[in-house]
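For reference, the chains in residue letters:
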Amino acid sequence: MRLRLIKKASVLLLLSTMVFCSCQEEFPQDDLIEGKWKLESVVNDVNALDCEKQAYFEYTKYVYNSDERKLLKVNYCDIPEDIPEEEKQPIVVENYYSIYLDTLIIIDEKRDTKKYVIEHIDKESMTLIDKYNNPTNYVIVKE
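Residues numbered from 1 in each chain as written. Predicted model: local features only at pLDDT ≥ 70, side-chain atom pairs only at ≥ 80, totals over all residues. Heavy atoms only, no water.

(A) Just the confidence of the model for the protein, in detail. Scored by pLDDT, the protein comes out at a mean of 84, with 79% of its residues at no less than 70. Note on residues 19-25: pLDDT is under 50 here. Beyond four places in sequence and across chains, it has two contacts. (pLDDT = per-residue confidence, 0-100. Contact = heavy atoms within 4.5 Å.)

Okay, structure coming up:
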């Protein structure tokens, strides 16, 4: 009787371990969104300002801890003019992101959430669709 109970408990422990391990979130090894991205419309615009051409969006590596998944928006256009040239630094806004299926979810510092459908992404370009069905194209910055 006791041996039968130990066998049942062992089988139950093994099954629960397998279920727990199979439910853990897996992250892709080839993270296509990681890196620096620029607006394609700005990159291709010969009349764009230099500060606009310097701006970019940087996605950090997609890791388990959501507080470490950052989207940095780097802005060179809104730097105050009265700062000496050698002290000028871009304005960096830190947001957080996650991806669920084909949806990119961005959470800003005020905890406001924006969602975009990832229509296309590869190692060179990305297209995001906003809630109004407007596409925005990005190109990766090759360093």
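(B) Spotlight on the state of the cysteines. Counting across every chain of the model gives one disulfide. One disulfide bridge connects cysteine 51 with cysteine 77, the sulfur atoms lying 2.1 Å from each other. Between cysteine 51 and cysteine 77, the S-S dihedral sits near 95°, and the bridge is therefore right-handed. In this pair, cysteine 51 is assigned in helix α3 (residues 50-54) and cysteine 77 in the loop between β3 (70-75) and β4 (91-100), connecting sequence segments 26 residues apart. (Disulfide = S-S within 2.5 Å. Helix = DSSP H or I, 4+ residues; strand = E, 2+ residues; numbered from the N terminus.)

(C) Quick peek at the side chain of arginine 69. Considering the arrangement of structural elements, one finds arginine 69 in the loop between β2 (56-59) and β3. Assessed through its relative accessible area of 6%, arginine 69 is described here as buried. Engagement of the side chain of arginine 69 in a polar contact is seen with the backbone oxygen of tyrosine 64, the distance being 3.2 Å. When sequence neighbours within four positions are dropped, the list of residues in contact with arginine 69 reads Thr60, Lys61, Tyr62, Val63, Tyr64, Asn95, Tyr96, Tyr97 and Ser98. (Buried < 20%, exposed > 50% of the residue type's maximum accessible area, 1.4 Å probe, protein only. Polar contact = N/O pair within 3.5 Å; in protein donor to acceptor, adjacent residues only side chain to side chain.)

(D) Region of interest: the sheet that holds β2. With antiparallel pairing, the eight strands of this closed barrel are ordered in space as β1-β2-β3-β4-β5-β6-β7-β8. Each neighbouring strand pair of the sheet contributes to a mean axis angle of 35°, computed without reference to strand direction. The pairing of strand β5 (residues 103-107) with strand β6 (residues 113-121) spans five bridges and is antiparallel. Across the sheet, residue isoleucine 106 finds its bridge partner in β6, namely lysine 114. (Pairing = 2+ DSSP bridges. Axes fitted to C-alpha atoms, helices over the stretch in contact; angles between N-to-C directions.)

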